[in-house]
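Structure at a glance
For reference, the chains in residue letters:
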Amino acid sequence: MRRPKSKQFREKKRLSEVQEIELIESWVEFGKPQPGSNPLSLPPLPSGAPIGRIDENTFSAYAGSKKFDQLPLSQKTKDGLREAKYTKMTDIQRASLPHALCGRDILGAAKTGSGKTLAFIIPVLEKLYRARWGPEDGVGSIIISPTRELAGQLFEVLKSVGKHHTFSAGLLIGGRKDVDEEKEHVNDLNILVCTPGRLLQHMDETPNFDCSQLQVLVLDEADRILDVGFKKALNAIVSQIPKHRQTLLFSATQTKSVQDLARLSLKDPEYVSVHEESVTATPNRLHQTAMIVPLDQKLDMLWSFIKAHLNSRILVFLSSCKQVRFVFEAFKKLRPGIPLKCLHGRMKQEKRMGIYSEFCEKRSVLFSTDVASRGLDFNKAVDWVVQVDCPEDVAAYIHRVGRTARYLSGGRSVLFLMPSETKMLEKLQEKKIPIQLIKANTKRLQPVSTLLAALLVKSDELRDLACRAFITYLRSIHIQRDKEVFDVMKLPIEEYSASLGLPMTPKIRFLKQKIRGKKVSGEYSLREESYDKEENLFQLPRESIFTRKLEDDEVDKVFLLTKETPHEEQDKATEIGDFSATRVLKKKKLKINVHRPVGTRVVFDDEGNTLPPLATLADVKSGDDSVQLDKDTVSKRYVEMREELKQHDKEDKLLDRERRKEKRMKQKMKLKRGRKEEEDDEREEDLSGSDGEATRNRANKRSKKYFDSDSDDAERRRDKDKLAIKADSISLAEQEELALKLLSSMHS
Ligand SMILES: Nc1ncnc2c1ncn2[C@@H]1O[C@H](COP(=O)(O)OP(=O)(O)OP(=O)(O)O)[C@@H](O)[C@H]1O
């Protein structure tokens, strides 16, 4: 009785889905906004007006509507939105959803915290729903995020809004152990939320990974994903997905570079930039300040700031992982009276995720690199964003401060600028950022450097961290592109070193070139990054500087430097010979010409031009000045060459035989010496009464080693053994002779 009922139910459900899809499609088609129009400028539906189908061929207008309910969306999406408490649309959602729902490519820009995530999650769900996408259809949508945390957050939004849909979705991010398990399931997923690296890994490694039916590609933080740091990965990804698809790009700092967009083959994209006309580029409820803080007072200022805001949730940005680690570890030891946390790209993924969610829950201070600067929505409850180190450009500033004042909440930010970085203030103001320069109350400044110095004396580890932080900070300034703002030569290096609590100023090799001709106190060495060899106070392993893996944020900078800096900067970098970027520049890739037939050789003249093969050997000028070869000379030369080769071959073989003989003899001698020592030991142990078990073990071991290390011809082995035993009682000359005999017996 039950079965037919459920079948009937399923059939009814299927029919109602089909009908719903037909209705949505007609509705979407009916109310399509004009390409290039801004739905925000259209009048909203009057309250109480009918929604959806009005009569046979008429539907309510949806471009201009203010509520999700008024949009041509599936009931499943509407239910998901309602349950997640989303009813009214934000400006970016109002402006972009009507275009996105009719399948257009979108280039969306809106301030941080303005709701861009839903502006792409909803179209993804709707597109697949309307296509009746099912498990057997494979990957229908890919959402790419630049960081793992952000991908995780997007996945959560997708899960909550899409909870009534039946699509399968997966979070594919690096740093997780279960990549093999992922590989088994990835082909069953309909929506992938991923970072570029992990997606590419699946494209390369997962058998039968197939995106050929992809319907929607989304790039969140699109400008970041399109910049040079991700260029290769993105190009590789794009080359493996179909060109015919919908593409949605969103960011608070959008790219409009034609080149970038061409790479993604966008089709007449809609530029939806809701805050372009806005007086400010940052959220209105964000109160932004800047303070001039000399480099050597930054930590004092930060410490004092934290002590003065013990009941807040504070996000602190520093320029590198090393900086983050040092400040976190040192301040933790000084116990400021508020929980401290740190987040950077070199932490294990689970830990990163844990820290991220803990910070969302409790009041605390989170020290972070730019890994937390984009997209993260810390429960809308960050009170303060403190930028201890100046951001690399205006876009980075906007994203960092955007971690507070999200959606309808307020927030505050403070930027520490060194006297040499004041140009940044002008740049920010030029880009419509209402930032106010305030004076620090130096009377309330609580100096921390003496406390740090005391800590560093006690802890080698902390001293090491301080050294690394010192160097990476200077390097980060040194590699910055914007030389109007960042000038490493203007920094009070010794004072800075003292402010970290370091007893001596570490030597910095990359500064030597810069200070040539300029008298700067302290001595800098170009070649070594050791700090004081005599006293051996702060010796770092060479590996740590020269061969370590670059950190997430450093890699980005290095990429930027190699690809985008003006030639002058690149030259400087090459000349200084300091960091990996320089080595990357120097390292020329050898290209293999796959079209050249196997066995042919390319000959170059003095100017580096290619010549025809054998041209140098037998060129004969013909009347018309073209080069022709004398065939007789060439074939004679070939005969000679063959003879030469044969001769060389003979000599090589002889030499090789000699070498092998010698090597074997050395091995035999070593073996015999070893055995003699063992037997001497045995004898000694026997004399001193050691147990038989040990002796047996040793004998076993020896026979195993013997078996493993030589030929498995038992006969020969026995002979050799006999010889070896005999060798113990004879002179060195005799031993050599015996070994030679043995070798010749082996070769015969
Ligand atoms: N329509 C809405 N109604 C209520 N809250 C919303 C709505 N849309 C988004 N939000 C909330 O606003 C906050 C910010 O949204 P979201 O993270 O999408 O911003 P964003 O524009 O992507 O920010 P960023 O540029 O920093 O990535 C989130 O907490 C989200 O839940």
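Residues numbered from 1 in each chain as written. Predicted model: local features only at pLDDT ≥ 70, side-chain atom pairs only at ≥ 80, totals over all residues. Heavy atoms only, no water.

Per an unreviewed UniProt entry, the chain is named DEAD-box ATP-dependent RNA helicase 32, and its organism is Camellia lanceoleosa.

Chain-level statistics for the chain give a pLDDT mean of 78 and a share of 72% at 70 or above. Confidence drops under a pLDDT of 50 for residues 622-626, and excluding neighbours within four residues, the segment shows three contacts in the predicted structure. A low-confidence stretch, residues 681-729 stays under pLDDT 50, and its non-local contacts, those more than four residues away or across chains, total 35 contacts. Model confidence for the complex: the whole-complex pTM is 0.70, and ipTM, which rates the interface, is 0.99. (pLDDT = per-residue confidence, 0-100. Contact = heavy atoms within 4.5 Å.)

Let's shift gears to the sheet that holds strand 8 (residues 246-251). Ordered by their spatial adjacency, seven strands build an open sheet running 5-6-4-7-8-3-9, and the pairing between neighbours is parallel. If you trace the sheet from one side to the other, it starts and ends with strand 5 (169-172) and strand 9 (270-273), each paired once. For this sheet the average axis-to-axis angle between neighbouring strands, irrespective of direction, equals 10 degrees. Alignment of strand 3 (residues 106-109) against strand 8, held across four bridges, turns out to be parallel. The residue of strand 8 that forms the bridge with Gly 108 is Phe 250. Sheet contacts for helix 4 (residues 116-130): strand 4 (141-144), strand 6 (191-194), strand 7 (216-220) and strand 8; angle to strand 8, the most-contacted strand, approximately 165 degrees. (Pairing = 2+ DSSP bridges. Helix = DSSP H or I, 4+ residues; strand = E, 2+ residues; numbered from the N terminus. Axes fitted to C-alpha atoms, helices over the stretch in contact; angles between N-to-C directions.)

Let us look at the packing of aromatic side chains. With the rule as written, the count across this model stands at nine aromatic pairs. Their ring planes at 80 degrees and their centres at 5.0 Å tell us that Trp 303 and Phe 331 sit as a pair that is edge-to-face. Placement of the pair is Trp 303 in helix 11 (residues 298-308) and Phe 331 in helix 12 (residues 321-334), with a sequence separation of 28 residues. The two residues Trp 303 and Phe 331 agree in class, both being buried. Where Phe 359 meets Phe 378, the ring centres are 5.2 Å apart and the plane angle is 85 degrees; that geometry is what we call edge-to-face. Highlighted residues: Phe 359 in helix 13 (residues 349-361) and Phe 378 in the loop between strand 13 (365-368) and strand 14 (384-387), separated in sequence by 19 residues. Look at Phe 359 and you get buried, because its relative accessible area is 0%. Since its relative accessible area comes to 0%, Phe 378 is described here as buried. An aromatic cluster is defined as three or more aromatic residues linked by ring pairs; in this entry it consists of Trp 303, Phe 331 and Phe 367. (Phe/Tyr/Trp six-rings, centres within 6.5 Å; stacked < 30°, edge-to-face > 60°. Buried < 20%, exposed > 50% of the residue type's maximum accessible area, 1.4 Å probe, protein only.)

Next up on the list: the sheet that holds strand 10 (residues 286-292). As summarised here, the arrangement of the seven strands in space is 12-13-11-14-15-10-16, forming an open sheet in which the pairing is parallel. Of all strands in the sheet, those with a lone pairing partner are strand 12 (340-343) and strand 16 (435-438), marking the two edges. Taking the axes of each pair of neighbouring strands and ignoring which way they run, one obtains an average angle of 20 degrees across the sheet. As paired strands, strand 11 (residues 314-317) and strand 13 are joined by four bridges and run parallel to one another. Across the sheet, the residue bridging to Val 316 is Phe 367, located in strand 13. Contacts from helix 11 reach strand 10, strand 11, strand 13, strand 14 and strand 15 (411-417), with the element oriented near 160 degrees to strand 15. The sheet strands contacting helix 14 (residues 394-401) are strand 10, strand 11, strand 14, strand 15 and strand 16, and the helix crosses strand 14 at an angle near 150 degrees.

Linking two cysteines covalently via their sulfur atoms produces the bond known as a disulfide. If you walk through the whole model with that rule in mind, you get zero disulfides. Free cysteine: Cys 342, not disulfide-bonded; nearest cysteine sulfur from Cys 321 at 9.3 Å. Owing to a relative accessible area of 8%, Cys 342 belongs among the buried residues under this scheme. (Disulfide = S-S within 2.5 Å.)

The N-to-C vectors of helix 7 (residues 196-205) and helix 9 (residues 231-239) enclose an angle of 45 degrees; their axes lie 10 Å apart at closest approach. Taken as axis vectors, helix 7 and helix 9 run oblique relative to one another. Between helix 7 and helix 9 the crossing geometry is left-handed. Contact residues: helix 7 offers Pro 196, Leu 199, Leu 200 and Met 203, while helix 9 offers Ala 233, Ala 236 and Ile 237. Looking at the contact of helix 7 with helix 9, its residues break down into seven nonpolar, no polar and no charged. (Parallel < 35°, antiparallel > 145°, perpendicular 65-115°, else oblique. Left-handed = near helix turned anticlockwise from the far one by under 90°. Nonpolar A, V, L, I, M, F, W, Y, C, P; charged D, E, K, R; others polar.)

Before going further, it helps to examine the site of the ligand. Contacts to the ligand come from 20 residues, most closely from Lys 88, Gly 113, Lys 116, Thr 117 and Asp 377. At a separation of 2.9 Å, an oxygen atom of the ligand approaches a polar side-chain atom of Tyr 86. Interatomic distance of 2.8 Å between a backbone N/O atom of Gly 113 and an oxygen atom of the ligand. Summarising the interface, the protein chains cover 93% of the accessible area of the ligand, which totals 640 Å² for the free molecule. In terms of residues, the shell around the ligand owes the most to one element, helix 4, which gives three residues. Here the residues of the shell around the ligand are counted per class, giving four nonpolar, eight polar and eight charged. (Near = heavy atom within 4 Å. Polar contact = N/O pair within 3.5 Å; in protein donor to acceptor, adjacent residues only side chain to side chain. Areas by Shrake-Rupley, 256 points an atom, 1.4 Å probe, with all protein chains shown as cover.)

With that settled, the discussion passes to the environment of Gln 288. Positionally, Gln 288 belongs in strand 10. Spatially, the C-alpha atoms of Gln 288 and Arg 412 are 5.8 Å apart, while their sequence positions differ by 124 residues. Apart from residues no more than four positions distant in its own chain, Gln 288 is found in contact with Thr 282, Tyr 397, Val 401, Ser 413, Ile 433, Pro 434, Ile 435 and Gln 436. A polar atom in the side chain of Gln 288 sits 2.8 Å from the side chain of Thr 282.

Our next topic: helix 3 (residues 91-101). Counting buried positions over the 11 residues of helix 3 gives 10, a clear majority of the element. By the burial criterion, the buried members of helix 3 are Ile 92, Gln 93, Arg 94, Ala 95, Ser 96, Leu 97, Pro 98, His 99, Ala 100 and Leu 101. Directly beyond the C-terminal end of helix 3, a positive phi value near 90 degrees is found at Gly 103.

Our next topic: the side chain of Thr 147. Among the secondary structure elements, Thr 147 is positioned in the loop between strand 4 and helix 5 (148-161). On the basis of relative accessible area, Thr 147 is assigned to the buried category, the value being 13%. For Thr 147, the contacting residues outside a window of four places in its chain are Thr 195 and Val 371.

Position of Glu 126 among the secondary structure elements: in helix 4. The buried category is assigned to Glu 126, whose relative accessible area is 0%. For the pair Glu 126 and Ile 21, spaced 105 residues apart in the sequence, the C-alpha separation amounts to 9.6 Å. Apart from the residues within four sequence positions on either side, Glu 126 is in contact with Ile 24, Pro 72, Leu 73, Ser 74, Thr 77, Leu 101 and His 165. At 2.7 Å, the side chain of Glu 126 forms a polar contact with the side chain of Ser 74.

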